[in-house]
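Residue-level structural notes
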Amino acid sequence: MEKKVVVIADSITVGELAETLNLPITTLIGELFKNGIIATINQRIDFETATIIVEELGLDVSLEKKEATAGPVRKTHQLSDHAVERAPIVAVMGHVDHGKTSLLDAILDTKTVDDEAGGITQHISAYQVERNGRKITLLDTPGHEAFAALRQHGATLTDVVIIVVAADDGVKPQTVEAIRFAREANAKIVVAINKMDKETANPALVKTQLASEHQLNPEEWGGDVIMVEVSAKTGKGIDDLLENVLLVADLEELKADTDTPAEGLVIESHMETGRGSVVGLLVEHGMLHPGHFLVAGTSYGKVRTLCDFKGKALKEAGPSTPVTVTGFKDLPQFGDTFYLVKNEKEARQATVAARLEREREAASTNVTSADLLKLMSQKHEAQDFNVIVKADVQGSLTSVIDSLRLIETEGQINLRIVGSGVGNISENDIHLAATEGTVVYGFSVDLPPAVKRQAARDKVEVRIFKVIYELLDDAKKSMEGLLAPEVVETELGKLTIKGVFRTLKDEVICGGEVTSGKITPGVMARVLRDKEQIAEVEVEKVQRQQVEAKEVFEGEMCGLSLKTQKKLQLEEGDKLEFFTREMVKRTLS
Ligand code: GDP
């Protein structure tokens, strides 16, 4: 009989599929359940999963995928012919402790004037400095993960990456990673060889490493990469570094339009008492004004206040300017693009569409055929590792969460983020952690004493980190701890029973001939009768010619004392297979 062809989209909810196939919803949910998928009526499954389920159900139906119509394409800004020069956007990256923070501080110390409140105390993710009347925008990113997250959002934010290498330490793993990120983001690289004030500084070695292993050839050696020797501690070389950053930027002819509607990227967001949402934006094109309606990801707002990075109120902000705005209804995410709309109605429509899109994305990746096949072939159920994540700012939070999700667990452990948020760890977090059985991770946040006491009382583990890699490492180790150990059995030898001398409640004394390999006391043995396993025993003692032996080899006769779980009536001709059994801790690759 010809199979009925049913056309469905590349993902479908369980409810819709049941309706399309004219099946009771419970049948479908039951079938999914059999395959290890706990689905609700509204859960989306992908086309391949649906096909597998239809086959499993043995229906006379074949599914066909409806060709997807092109979805909305993210528009990229096309520069007009009257675009103007803009400040370069620069990020500082490098290995931990090589001096990223110190270098940024040194740059800011010399080049910006502290605001009246007495310096920058609040976490701000971007700054601007001036050099010979020209501006440079500097990004202070929570880490390399943030860049990975940005790339996932399809954004390339930086024009120039300053790669900081400590002159006394040389190229290290995160230096290599930073180089890779800069290249992937198509950014120009300027190397700052830091800690030149130290006696142990060896800039020549750093240059050699960069040139020979990473194809970054210093200008002075005829290459095209500018490398500046600096000391964040003494301030030496900082001016030179900034001048060179501008030089590199000049070659790029960085431009932007100012007469188009404002657009750019969300680089930070957090809640502040009294001010509500405070959102850091980097304007890419156009001029942003207070009163503008903005949409960013799934949130929107009317710009109530517009300030520069020092907190000074601005009337407008143009390309490459980092600003903070208030007025967003809720917190947009790090890496969201923001754009201007006419009014609140348009803003609301846009966010509803964005939310639906995000839900669809989340849902369609919920269950894929790969997951299904994995689940089908899986012997033991995947364990959950539940966490609550708190971070100082939205940007860090996003990158911690994104990075946690990237830990490869090969389907053996599910990382469940039960809660997340910006701010210190609170009593609520502990309460949620206690009821859900989670670990609480804090990134650059505090654990107030009262909350600490509550955590101790409720036996909730709180782990606070300042370095993202350490947090990820800890999460990975915890997840490995959840993996059931792997049981490894090693075959040793075989024996055929020739005589049974005594059978007790939990012991058998017998004798036999080793037919292959060897036998030693302390190992395990499977007892086979007519090729079928009838028991598993432990070899307690081995004797050769009435003398206890450590090993007996193939071809030799021996006496055995076997420990049994329950009375075991061995017979002549039964076979024993000796093996050792070890529990091996599993690790995540
Ligand atoms: P980051 O992890 O890359 O942000 O590194 P930090 O800026 O926190 O610096 C790590 C350590 O190196 C700190 O103890 C700094 O005081 C020190 N440090 C940073 N720059 C210099 C420098 O130019 N000279 C010396 N002697 N120490 C430095």
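The numbers attached to residues start from 1 for each chain and follow its sequence in the written order. Predicted model: local features are reported for residues with pLDDT of at least 70 only, side-chain atom pairs are reported and counted for 80 or more only, and whole-chain, interface and lining totals are derived from all residues. Side-chain numbers here rest on the full set of heavy atoms in the structure, without hydrogens or water.

Considerations on the overall build of the protein
- Helix numbers and strand numbers start at the N terminus; a helix is a DSSP run of H or I with at least 4 residues, a strand a run of E with at least 2. Counting secondary structure elements, the protein contains 14 helices and 30 strands.
- Of all 589 residues assigned to the protein, the portion counted as buried reaches 46%.
- Note on contacts: a residue pair is in contact if any heavy atoms of the two residues lie within 4.5 Å. Long-range pairs, those at least 24 residues apart, make up 71% of the contacts in the protein between residues at least 6 apart in sequence. Note on classification: 1.4 Å probe, protein chains only; a residue is buried when its accessible area is under 20% of the maximum for its type, exposed when over 50%, partly exposed between these limits.

Some points on the confidence of the model for the protein
- In predicted models, pLDDT denotes the confidence assigned by the predictor to each residue on a 0 to 100 scale. Model confidence for the protein is summarised by a mean pLDDT of 82, while 87% of its residues fall at 70 or above.
- Confidence, read as mean pLDDT per element, is least for helix 10 (residues 369–377) in the protein (44) and greatest for strand 11 (residues 226–229) (97).
- pLDDT under 50 marks residues 364–381. Its contacts with residues more than four places away, or in other chains, come to 33 contacts.

Digging into helix 8 (residues 238–252)
- Any helix carries an expected span of 1.5 Å times its number of residues minus one. With 15 residues, helix 8 ought to run about 21 Å at 1.5 Å a step, and its terminal C-alpha atoms sit 22 Å apart, in line with that.
- Of the residues making up helix 8, those classed as buried are Ile238, Leu241, Leu242, Asn244, Val245, Leu246, Val248 and Ala249.

Points about the site of the ligand
- Here a residue counts as near a molecule or strand whenever at least one of its heavy atoms sits within 4 Å of it. Close to the ligand lie 15 residues; Asp97, Lys100, Thr101, Ser102 and Asp197 are nearest.
- Identification of polar contacts relies on pairs of N or O atoms within 3.5 Å, with a donor-acceptor requirement for protein atoms, meaning one able to donate a hydrogen and the other able to accept it, and with residues adjacent in sequence counted only if both atoms are side-chain atoms. Contact between the ligand and alanine 232: an oxygen atom at 2.9 Å from a main-chain N or O atom of the residue.
- Take lysine 233: an N or O atom from its main chain is 3.2 Å from an oxygen atom of the ligand.
- The Shrake-Rupley method, run with a 1.4 Å probe sphere, supplies the accessible areas, and residue values consider only the shown protein chains as cover. Considered on its own, the ligand offers 580 Å² of accessible surface; in the complex 71% of this is hidden by protein.
- Looking at side-chain class alone, the shell around the ligand contains two nonpolar, seven polar and six charged residues. When residues are sorted by character, Ala, Val, Leu, Ile, Met, Phe, Trp, Tyr, Cys and Pro go into the nonpolar class, Asp, Glu, Lys and Arg into the charged class, and all the rest, Gly among them, into the polar class.

Brief notes about the sheet that holds strand 11
- Pairing between strands requires that DSSP locate at least two bridges from one strand to the other. Reading across the sheet, the six strands line up as 7-8-6-9-10-11 and stay open at both edges, with mixed pairing between neighbours. The sheet is open, and its two edges are formed by strand 7 (126–131) and strand 11, each paired on a single side. Averaged over all pairs of adjacent strands, the angle between their axes in this sheet comes to 30°, without regard to strand direction. Note on definitions: angles span 0 to 180 degrees between N-to-C directions of axes, and those axes are lines fitted to C-alpha atoms, for helices only across the stretch in contact.

Some points on the nonpolar core
- With 27 residues, the main nonpolar core has Leu103, Ile136, Leu138, Ile162 and Leu241 as its most contacted residues.
- At the level of elements, strand 6 (89–94), helix 4 (100–111), strand 7, strand 8 (134–139), strand 9 (160–166), strand 10 (188–194), strand 11 and helix 8 are the ones that each hand at least two residues to this core.
- The biggest single contributor to this core is helix 8, with six residues.
- Think of a nonpolar core as a cluster: buried Ala, Val, Leu, Ile, Met, Phe, Trp, Tyr and Cys residues, connected wherever their side-chain atoms sit within 4.5 Å. In terms of nonpolar packing, the next biggest core, distinct from the first, is built from 22 residues, Ile497, Ala525, Ala535 and Val539 among them.

Section: unusual backbone geometry
- The phi angle at lysine 459 is positive, at roughly 55°, despite the residue not being glycine.
- Its place among the elements puts lysine 459 in the loop between helix 13 (449–457) and strand 22 (462–465).
- With phi around 50°, glutamine 545 is a residue other than glycine that occupies positive phi space.
- Mapped onto the elements of the fold, glutamine 545 is located in the loop between strand 26 (532–544) and strand 27 (547–548).
- What makes glutamine 545 exposed here is its relative accessible area of 69%.

Observations concerning the sheet that holds strand 21 (residues 439–443)
- Spatially, 20-19-21-22 is the arrangement adopted by the four strands of the open sheet, whose pairing is parallel. Bordering the open sheet on either side are strand 20 (413–422) and strand 22, each of which pairs with just one other strand. Adjacent strand axes in the sheet meet at a mean angle of 25° when their direction is disregarded.
- Here strand 21 runs beside strand 22; their pairing, made up of four bridges, is parallel. When the bridges of strand 22 are listed, phenylalanine 443 appears paired with phenylalanine 465.

Some words on the pairing of strand 7
- Among the six residues in strand 7, five count as buried, and that is most of the element.
- The pairing of strand 7 with strand 8 spans six bridges and is classified as antiparallel. The residue of strand 8 that forms the bridge with valine 129 is isoleucine 136.
- Where strand 7 hands over to strand 8, the hairpin turn is made up of two residues, of which asparagine 132 adopts a positive phi near 50°.

Some points on helix 11 (residues 394–406)
- For helix 11, which comprises 13 residues, the first-to-last C-alpha distance of 18 Å matches the rise-based estimate of 18 Å (1.5 Å per residue) to within 8%.
- In terms of residue burial, helix 11 counts as a mostly covered element, since 11 of its 13 residues are buried.
- Looking only at helix 11, the buried set comprises Gln394, Gly395, Ser396, Leu397, Thr398, Ser399, Val400, Ile401, Asp402, Ser403 and Leu404.

Some details on the side chain of serine 269
- Structurally, the position occupied by serine 269 is in strand 13 (residues 263–272).
- Side-chain polar atoms of serine 269 contact the backbone oxygen of proline 332, separated by 2.8 Å.
- Once residues lying within four places of it in the same chain are set aside, the contact partners of serine 269 are Val278, Val279, Leu331, Pro332, Val393, Gln394 and Val422.

Looking at the packing of helix 12 (residues 427–436) against helix 13
- The geometry of helix 12 relative to helix 13 is characterised by a closest axis approach of 9 Å and an angle of 10° between their N-to-C directions. Considering their axes alone, helix 12 and helix 13 lie roughly parallel with respect to each other. Each of Glu427, Ile430 and His431 in helix 12 lies in contact with helix 13, whose residues at this interface are Ala450, Val451, Gln454 and Ala455. Angular relationships are summarised with four words: roughly parallel below 35 degrees, roughly antiparallel beyond 145, roughly perpendicular across 65 to 115, and oblique for the angles in between.

Points about the packing of helix 11 against helix 14 (residues 468–482)
- Where helix 11 contacts helix 14, the axes come no closer than 10 Å and their chain directions differ by 35°. Note that helix 11 runs across helix 14; the crossing there is right-handed. Taking contact as the criterion, the partners of Ser399, Val400, Ser403 and Leu404 in helix 11 are, on helix 14, Ile468, Leu471, Leu472 and Ala475. It is the rotation of the near helix from the far one that decides the hand of a crossing: anticlockwise by less than a right angle makes it left-handed, clockwise makes it right-handed.

Notes on the pattern of salt bridges
- Take a side-chain nitrogen of Lys or Arg and a carboxyl oxygen of Asp or Glu: if they are within 4 Å of each other, that pair is a salt bridge. Here the structure, examined in full by the defined rule, presents 27 salt bridges.
- In this structure, the salt-bridge partner of arginine 348 is glutamate 344, at a minimum N-O distance of 3.8 Å. In this pair, arginine 348 and glutamate 344 both sit in helix 9 (residues 344–364), four residues apart, roughly one turn of the helix.
- Taking relative accessible area as the criterion, arginine 348 reaches 44% and is therefore assigned partly exposed.
- Residue classification places glutamate 344 among the partly exposed residues on the basis of a relative accessible area of 30%.
- Three or more residues are tied together by salt bridges with common partners; here these are Glu489, Glu491, Arg526, Glu536, Glu577 and Arg581.

Some thoughts on the environment of glutamate 582
- Mapped onto the secondary structure, glutamate 582 falls in strand 30 (residues 575–584).
- Residue classification places glutamate 582 among the partly exposed residues on the basis of a relative accessible area of 46%.
- In this structure, the C-alpha to C-alpha distance between glutamate 582 and glutamate 489, residues 93 residues apart in sequence, is 6.4 Å.

Comments concerning the packing of aromatic side chains
- Here the aromatic set is Phe, Tyr and Trp, taking the six-membered ring for Trp, and pairing holds for ring centres within 6.5 Å; pairs whose planes are under 30 degrees apart are stacked, those over 60 apart are edge-to-face, and all others are tilted. Counted under the stated rule, the structure contains two aromatic pairs.
- Both rings, one in tyrosine 127 and one in phenylalanine 309, keep their centres 5.9 Å apart while their planes meet at 75°; by these two values the pair is edge-to-face. Here tyrosine 127 is found in strand 7, whereas its partner phenylalanine 309 is found in the loop between strand 16 (299–307) and strand 17 (322–328), with 182 residues between them in sequence.
- Arranged with centres 6.2 Å apart and planes meeting at 40°, the rings of tyrosine 441 and phenylalanine 465 form a pair that is tilted. Placement of the pair is tyrosine 441 in strand 21 and phenylalanine 465 in strand 22, with a sequence separation of 24 residues. As far as the burial class goes, tyrosine 441 and phenylalanine 465 line up, both buried.
- Between arginine 526 and the ring centre of phenylalanine 579, over which it is positioned, the NZ or CZ distance is 4.2 Å. Either the NZ atom of lysine or the CZ atom of arginine qualifies as a charge over a ring when it sits within 6 Å of the ring centre and within 35 degrees of the ring normal.

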